[in-house]
Amino acid sequence: SSKSGVANFVANDEEAVLDDVKFLLSFLPSNNLEQPPTDEPLDDPDRLCPELLDIMPDSPNMPYDMKAVIASVVDDGEYLEYHANWAKAITCGFARLNGKPIGIVGNQPMILAGVLDIESSSKAARFVRTCDAFNIPLVTFVDVPGFLPGVDQEYGGIIRHGAKLLYAYCEATVPRIQIITRKAYGGAYVVMDSKSIGSDLAYAWPTAELAVMGPNGAVEIVYRRELQQAADPVARRAELVNEYTEKYANPYAAAERGYIDDVIDPAETRQKIVAGFRMLRT
């Protein structure tokens, strides 16, 4: 199943499988016309998540575990992952927030830097459609440097598969909240439930970088002539990358233009999502 993506859940023995199925069904309504089952929340909806302030590495090229971010935000740290062993560059799963089931999609920077490829796009698209079918609101955590480049991906139809995720989000009518933790580059950011495809609320951490592409690639293209003519191209390139990073690799320009609703303190992520869903319920 880690190769083919056919089996969604895998366990060691029959008993464990049945336990997993019971746990899975606790998130789902008995049919698509009902609301998902609510539990009495034992985890404080106003709880802060101070551990999220330390989770982001100093270098934007260092990985961190997106599942740790998810566990910090959701009720009791309980997260039932969907297709845990397949297309690991994206993580999808069910959790509760303030006692109510939610579906979560998040890029996983620990695998292939969290890029979207054919398999991760298909996995997330299926999951989004499942949540939409059963009235389960969606939270999307974004840290995506782009689509995976390469001939294999192009011939395999990465654009077609990436579009599946785009359509899945566009057609979903459940409440949707986007949280941008770090990289949000180009088309890959757009398909990760951006406001431009109908997300209801979009928040960014101060570490967020919303741009058409990363600073290194952008400088090579935008300042190509200038770099060719520079006396010391290496030093000039470093200067330009720094300038680009300061000017564009932050969430504030995006907030001014309305691409995101607010830049939030990471510690307040849980509070903001709880309040957002409370508002969106109607």
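Residues numbered from 1 in each chain as written. Predicted model: local features only at pLDDT ≥ 70, side-chain atom pairs only at ≥ 80, totals over all residues. Heavy atoms only, no water.

Within strand E4 (residues 138-144), 7 of the 7 residues are buried, which leaves it mostly tucked inside the rest of the structure. Of the two faces of E4, both are covered, the one formed by Leu138, Thr140, Val142 and Val144 as well as the one formed by Val139, Phe141 and Asp143. Note that strand E3 (residues 100-107) and E4 share 4 bridges and pair parallel. Residue pairing for E4: Gly103 is matched across the bridge by Leu138. Where the polypeptide runs from E3 across helix H3 (residues 118-133) and back to E4, its parallel neighbour, the crossover connection is right-handed. Bridge count for E4 against strand E5 (residues 176-185) is 6 bridges, and the pairing is parallel. What sits directly across from Leu138, in E5, is Arg176. (Buried < 20%, exposed > 50% of the residue type's maximum accessible area, 1.4 Å probe, protein only. Helix = DSSP H or I, 4+ residues; strand = E, 2+ residues; numbered from the N terminus. Pairing = 2+ DSSP bridges. Right-handed = clockwise from strand over helix to strand, strands pointing away.)

Next up on the list: H3. For an α-helix, 3.6 residues make a turn, and residues three or four places apart therefore share a direction. The end-to-end C-alpha distance of H3, which contains 16 residues, comes to 23 Å, matching closely the 22 Å that a straight helix rising 1.5 Å per residue would cover. Here H3 has its buried residues at Ile118, Ser120, Ser121, Ser122, Lys123, Ala124, Ala125, Phe127, Val128 and Cys131. On its buried side, H3 packs onto strand E1 (79-82), strand E2 (90-97), E3, E4, helix H4 (151-156) and helix H5 (158-171). For H3, the capping residue at the N-terminal end is Asp117, with a side-chain oxygen 3.3 Å from the backbone nitrogen of Glu119. Looking one or two places after H3, you find Asn135, whose phi comes out positive at around 60°. (Expected span 1.5 Å × (residues − 1). Contact = heavy atoms within 4.5 Å. Polar contact = N/O pair within 3.5 Å; in protein donor to acceptor, adjacent residues only side chain to side chain.)

Throughout the structure, instances matching the rule amount to 13 salt bridges. Taking the shortest distance from any N to any O, the salt bridge between Arg182 and Asp143 comes out at 3.0 Å. With Arg182 in strand E5 and Asp143 in strand E4, this pair connects stretches of sequence that are 39 residues apart. Note on accessibility: Arg182 and Asp143 belong to one class, buried. (Salt bridge = Lys/Arg side-chain N within 4 Å of Asp/Glu carboxyl O.)

Shape descriptors only; they carry no functional weight alone.
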